[in-house]
Amino acid sequence: MSSTEPTKGIARRDFVKGTAAVGAGSVAGLAMPVWGATTANDRIKVGLVGCGGRGTGAANQAINADPGVMLWAMGDVYADRLQNSLGGLKQAHGNRVMVDQERQFSGFDAIDKVLDSGVDVVILATPPGFRPDHLAKAVAAKKHVFCEKPMATDMPGLRKVMETAQQAKNQGTQLMSGFCWRYSMPERAMYGEINDGALGEIESVHSTYHTGPLGTRARTPDMTDMDFQLRNWQHFNWLSGDIIVEQAVHSVDKMNWAMGNRPPAKCTAMAGRGLRNGAERGDIFDHFAVIYEWDNGARGFLTCRQQANCSNDNSDWVAGTKGVGFIEGWAPRKSRLVFADGSPEFRYKGGTPNMYQTEHNELFKAIREGDLVNDGDWMTVSCAMGIMGREAGYSGRTITWEEIMNSEREIVPSKLEFGDRPPIEIPAPGVYQFS
Ligand SMILES: NC(=O)c1ccc[n+]([C@@H]2O[C@H](COP(=O)([O-])OP(=O)(O)OC[C@H]3O[C@@H](n4cnc5c(N)ncnc54)[C@H](O)[C@@H]3O)[C@@H](O)[C@H]2O)c1
């Protein structure tokens, strides 16, 4: 929050008024908010990094969440994506969008420039390959963060996210994840009951994410390899993490939720790419079937696919010693818990506000009131489970939690530049070496 910006009649407060108290109050490792509670009229400046579909949606929800929110800076590797997003947001929100030309940044260093532009909160919504680095920079700059899922595409990246999440906790800055079902009221009611023991001990979870393929963009003569991959990022493992990490990780996350956010001991998978062809389809698979196993013998079965003209589904069946939960991700009114002793089934009867809006309502409320949101622990377990499932599918071999937590395979290039990329290699189970 800079002291030079126009106030437009909005009362100014010093948002950093809690800072001095942090030094005095941070005893015995207790996390204290960097910012104290604020009043409703304070201005909160938001920066958006990654101005595509989700980033634009998240910026829209941030503005809707709180009357003091201003969209202040935007960054995207491509100026055309930024302009598209900016045009729509301006149309929807008028002067709440204060992204003057000098705060519109393109290129790989757009993240640095957004962080340096005086924002208080940053929304990270690029392809996930960049997330560990962007998140580390945002937290080092003491920004509050809304961080889209997934948080990394490889384990060195995810370990960095774990450290960064701890740093955010220690310094008292917000870290909210884009695992949106955690912010969905029907799911909260269902998994809340499950975590409270309504179904007894959970013995198995079956989750599906069955949908169609995502769109592609044809190569044009002006595109370098890097441009081509960025414009088709969902189809390149280093950028997206493959479908199980990029998309079905929502189902993995709900499985993790049902199991009380406890990591599995190991997993085995079979996977492949039956229907993907063409350079735009990159190196990712189009289906995975994973068996997760927990120490107590519980099993989680995840199937996901992206194939056209097939039946779609996004549901979770959670079986415990006292009953079964049927949770419909796309039709929450049908979700129910059924009990073995014949007692009446449990259904959620409350409202179903937009879960993406709820995320931002809760984030900005926490900022206002000085509460601390930190989704770091469970969001990184869910991402590690996704990467573990992918690696088990690629390699064809059972992978333990310890092995995945120690995986050294780095797939994101350390130097980002436009130009050539190495030829892609499509993993073959039984041949691909997990490391
Ligand atoms: N929570 C959800 O339900 C949900 C839904 C959709 C997408 N997502 C997640 O949101 C993220 C973005 O997905 P999307 O659908 O908006 O994709 P998108 O392609 O629409 O947008 C991504 C944007 O990031 C930009 N970009 C790429 N690399 C960048 C870099 N290094 N620096 C700055 N900008 C960069 C791209 O040019 C593009 O404009 C992904 O992690 C995706 O998994 C989450």
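The rules behind these values
Residues numbered from 1 in each chain as written. Predicted model: local features only at pLDDT ≥ 70, side-chain atom pairs only at ≥ 80, totals over all residues. Helix = DSSP H or I, 4+ residues; strand = E, 2+ residues; numbered from the N terminus. Rg over C-alpha atoms; globule rule 2.2 N^0.38 Å. Buried ≥ 20, exposed ≤ 12 C-beta atoms within 10 Å, placed from the backbone. Contact = placed C-beta atoms within 7 Å. Pairing = 2+ DSSP bridges. Axes fitted to C-alpha atoms, helices over the stretch in contact; angles between N-to-C directions. Domains from an automatic or database assignment. Nonpolar A, V, L, I, M, F, W, Y, C, P; charged D, E, K, R; others polar. pLDDT = per-residue confidence, 0-100. Parallel < 35°, antiparallel > 145°, perpendicular 65-115°, else oblique. Left-handed = near helix turned anticlockwise from the far one by under 90°. Arc of directions from axis to C-beta.

K.L.:
Mind showing me how you'd approach the overall build of the protein chain here?
P.N.:
For the protein chain, the count of helices and strands is 14 helices and 14 strands. For 435 residues, the compact-globule formula gives about 22 Å, and the C-alpha radius of gyration of the protein chain, at 22 Å, lands near that figure. In terms of overall dimensions, the protein chain has C-alpha extents of about 60 × 60 × 45 Å along its principal axes. Buried residues in the protein chain amount to 46% of all 435 residues. Here the analysis covers contacts within the protein chain between residues at least 6 apart in sequence; of these, 75% occur between residues at least 24 apart.

K.L.:
Help me understand the environment of Val69, please; the structure alone is not making it clear to me.
P.N.:
By the secondary structure assignment, Val69 is in strand β2 (residues 69-76). Taking C-alpha positions, Val69 is 17 Å from Leu124, a pair spaced 55 residues apart along the chain.

K.L.:
Hey, could you run me through the sheet that holds strand β8 (residues 266-272) in this one?
P.N.:
Each strand in a sheet pairs with its neighbour through backbone hydrogen bonds, running either in the same direction (parallel) or in the opposite one (antiparallel). In spatial order, the strands read β13-β12-β11-β7-β10-β9-β8-β14; together these eight strands make up an open sheet with mixed pairing. The open sheet terminates on both sides in strands that have one partner only, identified here as β13 (336-339) and β14 (399-400). Examined bridge by bridge, strand β9 (residues 287-293) and strand β10 (residues 299-306) share seven bridges and lie antiparallel to one another. Counted as the bridge partner of Val290 is Leu302 from β10. Across the face of the sheet, helix α7 (residues 185-195) comes into contact with β11 (315-320), β12 (323-328) and β13 while running at roughly 160° to β12.

K.L.:
Is there a simple way to think about the domain arrangement of the protein chain in this case?
P.N.:
Interface size is commonly expressed as the accessible surface area that is lost when the partners come together. What the domain assignment lists for the protein chain is domain 1 (15-181 + 363-374) and domain 2 (182-350 + 380-405). Each of domain 1 and domain 2 has a C-alpha centre, and the two are 26 Å apart. If you look at the interface, domain 1 gives 18 residues, while domain 2 gives 25 residues. Classifying every residue of the side of domain 1 that touches domain 2 gives 14 nonpolar, two polar and two charged.

K.L.:
Is there a simple way to explain the pairing of β9 in this structure?
P.N.:
In the case of a regular strand, side chains alternate between the two sheet surfaces. The pairing of β8 with β9 spans seven bridges and is classified as antiparallel. The residue of β9 that forms the bridge with Cys267 is Tyr292.

K.L.:
For this particular structure, what's the right way to read the confidence of the model for the protein chain?
P.N.:
Within the protein chain, residue pLDDT values average 91, and 91% of them lie at 70 or more. Confidence drops under pLDDT 50 across residues 1-36; counting only partners more than four residues distant or on other chains, this segment forms 47 contacts.

K.L.:
What should I look at first to understand the packing of helix α5 (residues 131-140) against helix α6 (residues 155-171) in this one?
P.N.:
When two helices pack together, their arrangement is given by the angle between the helix axes and by the axis-to-axis distance. Between α5 and α6, the least distance of the axes is 9 Å, while the angle of their chain directions is 20°. As summarised for this structure, α5 and α6 are arranged roughly parallel, according to the angle between their axes. Read as a crossing pair, α5 and α6 show a hand that is left-handed. Residues Pro132, Leu135, Ala136 and Val139 of α5 lie in contact with α6, whose contacting residues are Gly157, Lys160, Val161, Thr164, Gln167 and Ala168. Of the residues assigned to the contact of α5 with α6, the class counts are six nonpolar, three polar and one charged.

K.L.:
What is the right way to look at the environment of Lys113 in this model?
P.N.:
Position of Lys113 relative to the elements: it lies in helix α4 (residues 110-115). We classify Lys113 as partly exposed; it has 19 C-beta atoms within 10 Å. Expressed as a C-alpha distance, the spacing of Lys113 and Gly75, which sit 38 residues apart in the sequence, is 7.8 Å. Those residues in contact with Lys113 that sit more than four places away from it in its chain are Gly75 and Phe105.

K.L.:
Sorry if this is basic, but what is going on with α7 here?
P.N.:
Spacing of three or four residues puts side chains on the same side of an α-helix, whose turn is 3.6 residues. For α7, the full list of buried residues reads Pro186, Glu187, Met190, Tyr191 and Ile194. End-on view of α7: buried residues confined to an arc of 110°, all on one side of the axis. Directly beyond the C-terminal end of α7, a positive phi value near 95° is found at Gly197.

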